[in-house]
Amino acid sequence: MIQPLPSDLITVNVDGKDIAVPKGTNMIEAARLASVEVPHYCYHPKLTISGNCRMCLVEMGLPAVDPATKAPLMDPATGKQKINWMPRPTIACATNASPGLHIRTNTAAVQDCRNSVTEFLLINHPLDCPICDQAGECKLQEHSTAYGRGYSRFVEQKNVKPKRTQLGPRVTLDDERCILCSRCVRFSKEVAQDDVLGFIDRGSYSTLTCYPGKQLANNYSLNTVDLCPVGALTSTDFRFKMRVWFLKQTPSIDCESSVGANTEVWSREGVIYRITPRQNDAVNDTWMADSGRVLYKAVQAADRLSRASLNGVPTTQEKALQAAVDLLSGRGGRVAAGSVNGVAVVGSGSSTVEEQFLTRKIADKLKAPVALVSRVDTGDKILVSADRNPNTRGALVTGLICALPEQKLSALSAAIEAGQVQVILSIGEDLIAAGLTAAQLAKVAVIYLGTHQNATSTVAQVVIPTLTVFEKAGTLVNQQFRLQKFVRAVPGLGGVSDDLVSLSHLLNALGGSTLGSTLGALWPVIAAEVKVLAHTTYDTLPSTGLLLDSATWAGLPFIEGETLHFKPVTAVGVKS
Amino acid sequence: MNLQPTTLQKIDEVITHYPVKRSATLPLLHLVQEDLGWISPEAMEWIAAKLELQPINIYEVVTFYPMFRQKPIGRRHIKVCRTLSCALTGGYKVCAEFQKQFGSQPGAVSADGEVTIDFVECLASCGTGPVVMIDDDLHVKVDLARAQQLSAQIKAGAKARSTP
Ligand code: SF4
Ligand code: FES
Ligand code: FES
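Residues numbered from 1 in each chain as written. Chains lettered and ligands numbered in written order. Predicted model: local features only at pLDDT ≥ 70, side-chain atom pairs only at ≥ 80, totals over all residues. Heavy atoms only, no water.

### Examining the overall build of chain A
Just so we agree on the cut-off: The numbering of helices and of strands both runs from the N terminus, where a helix is a DSSP run of H or I of at least 4 residues and a strand a run of E of at least 2. Classification of residues uses two cut-offs on accessible area relative to the type maximum, computed with a 1.4 Å probe and protein chains only: under 20% is buried, over 50% is exposed, and between them is partly exposed. Only heavy atoms matter for contacts: two residues are in contact if any of them lie within 4.5 Å across the pair. Per-residue accessibility takes into account occlusion by the displayed protein chains alone, with areas from the Shrake-Rupley method and a 1.4 Å probe. Working convention for charge: Lys and Arg count positive, Asp and Glu count negative, and His plus the chain ends are omitted. By convention, the point assigned to a charge is CZ for Arg, NZ for Lys, CD for Glu and CG for Asp.
What chain A contains, in helices and strands, is 13 helices and 26 strands. A principal-axis box enclosing the C-alpha atoms of chain A has dimensions of 100 × 60 × 45 Å. Classification of the 576 residues of chain A by burial places 52% in the buried group. Partitioning the contacts of chain A with sequence separation of at least 6, the portion at a separation of at least 24 is 64%. Just so you have it, chain A exposes about 25600 Å², and 56% of that area is on carbon and sulfur atoms. The average position of the 56 basic charges and that of the 52 acidic charges among the side chains of chain A differ by 1 Å.

Written out as structure tokens, the structure is:
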């Protein structure tokens, strides 16, 4: 007996197979659920339907009913309800599944449609795949392999169109390759809210362009490069740099704000070439901001800290760590032995959950107060939030802090002025940028763990270099309290130890228990100690993240406004 | 935008005919072209603002239809048919005659700003070629003599206007 379906599911038939799909699913998605691919160009699951490429043509049939009585018409030969097949093919993207819908994708007629659409798309196509950045990830190339005829019947002159239009600061357009699918036009209007792209002229002269004097300059422009099914829209940064099939993909997280957009880092032989969005329907859909795509440039930046140093003189990692331990335990440095009466820890909302956990342990050992640097800017209401720390929530979850960070490190600043602090341990934060003055820093000894040179690293007594997010692995908690993991994309800079190694060395040397310096060793400890992370491990964390129970922090006045898939909850008892 | 008060009135009126403002794009373009003779970038931006659209939305429409002019045009618009029936009955010669009369090339404004000659596709009076349209008036069976006559009329009109 056929089980009655949950009310929002309907049965459709794809190539002879019955399958239950949610109501309102279009035929492309219904076929996908039946593991049948319907080739398409203009359809994009996150954009409105335009139905202009015609690649998705399929045959469609509906159960036959008697026109007068509406009684099902049965086929005596099979004993099943007859199917009325439409005489013409239908575009699958613009037709939603209805109960009993039949779809045929494997008939000669459908094959013929695909072949013809492909032939038409190729008549004016420049066929410059050997020098095209999209080669290897091009839908036109893939479908031409499957549905192309292999040789051209087109003897006429091909159209000539602009080959390298600068649509904006980051996007270069090759108009000859454009198949006029309008994905980029719809994206700009619907997602980026910046309606600048359009087609001018018509027929085979149609040309994608911006209105004269305008530019595709919004902070989401590079998403058009991702969603362009062909090589028409290219990233000016990535253009002609690398064949995509040589690149290794590593799942990562965009660290520019607390949105935590999921990303893919593309590297070859330890060098990163580009960052693209990774689909996460609960966080960033299939998009990310342009500003997050250039962050990899920090890895090879000229001001990268590559060696440990002691009072400005390069030294070994071991000596630097030892000097740090001495300072922190009051045995060394410029204050007389034993006279240290104050250590302060400045933690970071950019550190990973694991690093924050270790930082907390170190602070506990030293009985030191912990400050976190707040990084606030305006959010763009799409995928960059007002909190530019990617992991403020992680600091709350690990107990590194229990209130949101205050502006300008004011408490620490007052403590220095009052002579209560002699040593500051800064985990990756530039204290001067964060609000302390050079005069204040001159009064204390600074131990700086960080990736790049800055005003603090130049005055710090001890500098210990650390790794960028691309060179290490870990987890972050985004604004939704979603724990998300990222994986190491490229090996760390030569001679630089992993942050966790340095931190756990400090902890051990200060007399803390040995917690381990790898994710595998640390997570059981974290899961045992942090209630909302109980039973979590790094390895089993789903690629789309894990939503944590945030009830404990519900009353805090978080600063984020609304972004894609995020609505701030007005804190209870907090009046605005 | 230097539109006549009556044009502005018609524009405001026609917008009310549609459930969404965007639908008034074509009527507005026609009204503006009737008034100014062509659609300038300024006009596209003005219409976009009027209909709460972006200029690119208007630009797309203007470039789609060949009869929207993106360049200024002479005071009189002479369209000579070039399609088969008229071509067979001497349309090419007629066009050349108009060009000689006003010393201008097809598509360009004559030096005195008086006319623009366009060599266009079928004007839908194929049995009576060669066919010429001057502004909104259709002239059939235009031979060389008739072309000279029509040119003389246009020139006379221009003179009358310049000598008050
Ligand atoms: S540039 Fe690419 S995305 Fe935009 S219309 Fe052309 S093929 Fe489609
Ligand atoms: S995907 Fe259906 S018409 Fe383009
Ligand atoms: S061919 Fe000249 S009017 Fe039709």
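Still more to cover.
### Details of the packing of helix 6 (residues 91-102) of chain B against helix 7 (residues 144-162) of chain B
The angle between the axes and the distance between the axes are what describe a pair of packed helices. Residues and elements named next belong to chain B. What counts here: In this analysis, axes come from line fits to C-alpha atoms, helices being fitted only over the stretch in contact, and the angle between any two N-to-C directions falls in the range 0 to 180 degrees. In this scheme, a crossing is called left-handed if the near helix is turned counterclockwise away from the far one by less than a right angle; it is called right-handed if the turn is clockwise. We call Asp, Glu, Lys and Arg charged. Ala, Val, Leu, Ile, Met, Phe, Trp, Tyr, Cys and Pro are nonpolar, and the rest, Gly among them, are polar.
At their nearest, the axes of helix 6 and helix 7 sit 9 Å apart, and the two run at 30° to each other. Crossing of helix 6 against helix 7: the hand is right-handed. Across the interface between the two elements, Lys-93, Val-94, Glu-97, Phe-98, Gln-101 and Phe-102 of helix 6 pack against Leu-144, Ala-147, Gln-148, Leu-150, Ser-151, Ile-154 and Lys-155 of helix 7. Within the contact of helix 6 with helix 7, the residues separate by chemical class into seven nonpolar, three polar and three charged.

### Things to note about the site of ligand 1
Residues and elements named next belong to chain A. Under the convention used in this document: Note on definitions. A residue lies near a molecule or strand when any single heavy atom of the residue is within 4 Å of it. The method works on a 1 Å grid over the protein atoms by themselves. A cavity is a set of points holding a 1.4 Å probe that cannot get out, a pocket is an open set with protein on both sides within 12 Å along at least five of seven lines, and residues with an atom within 4 Å of a point line them. By definition, a pocket or cavity contains a molecule when more than half of the molecule's atoms lie within 2 Å of the pocket's grid points.
Around ligand 1 lies a shell of 14 residues, among which Cys-178, Cys-181, Ser-182, Cys-184 and Cys-228 are the nearest. At a threshold of 2 Å from the grid points, most atoms of ligand 1 map onto the largest cavity. Each residue belonging to the shell around ligand 1 can be placed in one class, and the counts come to twelve nonpolar, one polar and one charged.

### Overview of the interface of chain A and chain B
The figure often quoted for interface size is the accessible area lost as the parts come together. Selection criterion: Here's the idea: put two parts together, see how much 1.4 Å probe accessible area each one loses, and the total over both is what we call buried area. We define a salt bridge as a contact between a side-chain nitrogen of Lys or Arg and a carboxyl oxygen of Asp or Glu at a distance within 4 Å. Side-chain atoms alone can form a polar contact between residues adjacent in sequence; in general such a contact is a pair of N or O atoms within 3.5 Å, and within protein one must be able to donate a hydrogen while the other accepts it.
In this assembly, 14 residues from chain A lie in contact with 13 residues from chain B. Overall, the association of chain A and chain B removes approximately 1100 Å² of surface from exposure, summing both partners, and the carbon and sulfur fraction of that is 56%. Contact with chain B buries surface across chain A, with Asp-195, Arg-202 and Tyr-211 of chain A losing the most and accounting together for 53% of the total. For the interface between chain A and chain B, the tally reads zero salt bridges. Linking chain A to chain B there are six residue pairs in polar contact (both at pLDDT 80 or more). Sorting the residues of the side of chain A that touches chain B by element identifies strand 11 (197-200) and strand 12 (207-210) of chain A as the ones contributing at least two each. Among the elements that make up the side of chain A that touches chain B, the one with the highest residue count is strand 11 of chain A (four residues). Among the residues forming the side of chain A that touches chain B, the class breakdown is seven nonpolar, two polar and five charged.

### Quick word on helix 2 (residues 108-123) of chain A
Short version of the rule: How far a helix is expected to stretch is found by multiplying one less than its residue total by 1.5 Å.
The first and last C-alpha atoms of helix 2 of chain A sit 23 Å apart over 16 residues, in line with the 22 Å expected at 1.5 Å per residue. On its buried side, helix 2 of chain A packs onto strand 3 (57-63), strand 8 (102-104) and helix 3 (139-147) of chain A.

### A word on the sheet that holds strand 9 (residues 165-166) of chain A
All names here are of chain A. Keep this limit in mind: Any two strands with at least two DSSP-identified bridges between them are counted as paired.
Strand order in the open sheet made by the three strands is 9-10-13, with antiparallel pairing throughout. Two strands close off the open sheet at either side, each with one partner strand: strand 9 and strand 13 (233-235). Bridge count between strand 10 (residues 171-173) and strand 13: three bridges; the pairing is antiparallel. What sits directly across from Val-171, in strand 13, is Ser-235.

### Side note on the pattern of salt bridges
Residue and element names in this part refer to chain A. Applying the stated rule across the entire model yields 34 salt bridges over all chains. Residue Arg-360 is joined to Asp-364 by a salt bridge in which the shortest nitrogen-to-oxygen separation is 3.1 Å. Here Arg-360 and its partner Asp-364 are both found in helix 7 (residues 353-366), four residues apart, which amounts to about one turn of the helix. When its relative accessible area of 43% is taken as the criterion, Asp-364 is described as partly exposed. Residues joined in a network through salt bridges with shared partners are Asp-128, Lys-163, Asp-174, Glu-176 and Arg-177.

### A few points about the packing of aromatic side chains
Aromatic rings considered in pairs are described by the distance between their centres and by the relative angle of their planes. How we decide: Two rings from Phe, Tyr or Trp (for Trp, the six-membered ring) form a pair when their centres sit within 6.5 Å of each other. Planes less than 30 degrees apart are called stacked, planes more than 60 degrees apart edge-to-face, and all others tilted.
Per the stated rule, a full pass over the model turns up eight aromatic pairs over all chains. Taking 5.6 Å as the distance between ring centres and 85° as the angle between the ring planes, the aromatic pair formed by Tyr-211 of chain A and Tyr-59 of chain B counts as edge-to-face. With one member in each of two chains, Tyr-211 of chain A in the loop between strand 12 and helix 5 (222-227) and Tyr-59 of chain B in helix 4 (residues 55-64) form a pair that bridges those chains. The pair formed by Tyr-211 of chain A and Tyr-59 of chain B is uniform in burial state, with each residue classed as buried. Judged by centre distance (6.1 Å) and plane angle (85°), the ring pair of Tyr-65 of chain B and Phe-68 of chain B falls under edge-to-face. Judged by relative accessible area, which is 6%, Phe-68 of chain B ranks as buried.

### Observations concerning a nonpolar patch on the surface
Note the threshold: Candidates for patches are residues over 30% relative accessible area with no salt bridge; among them, like charges are joined within 9 Å and nonpolar side chains (Val, Leu, Ile, Met, Phe, Trp, Tyr) within 5 Å.
Taken together, the side chains of Leu-26, Phe-64 and Tyr-65 of chain B present a nonpolar region at the surface, about 250 Å² in accessible area. When you line up the elements, Phe-64 of chain B lands in helix 4.

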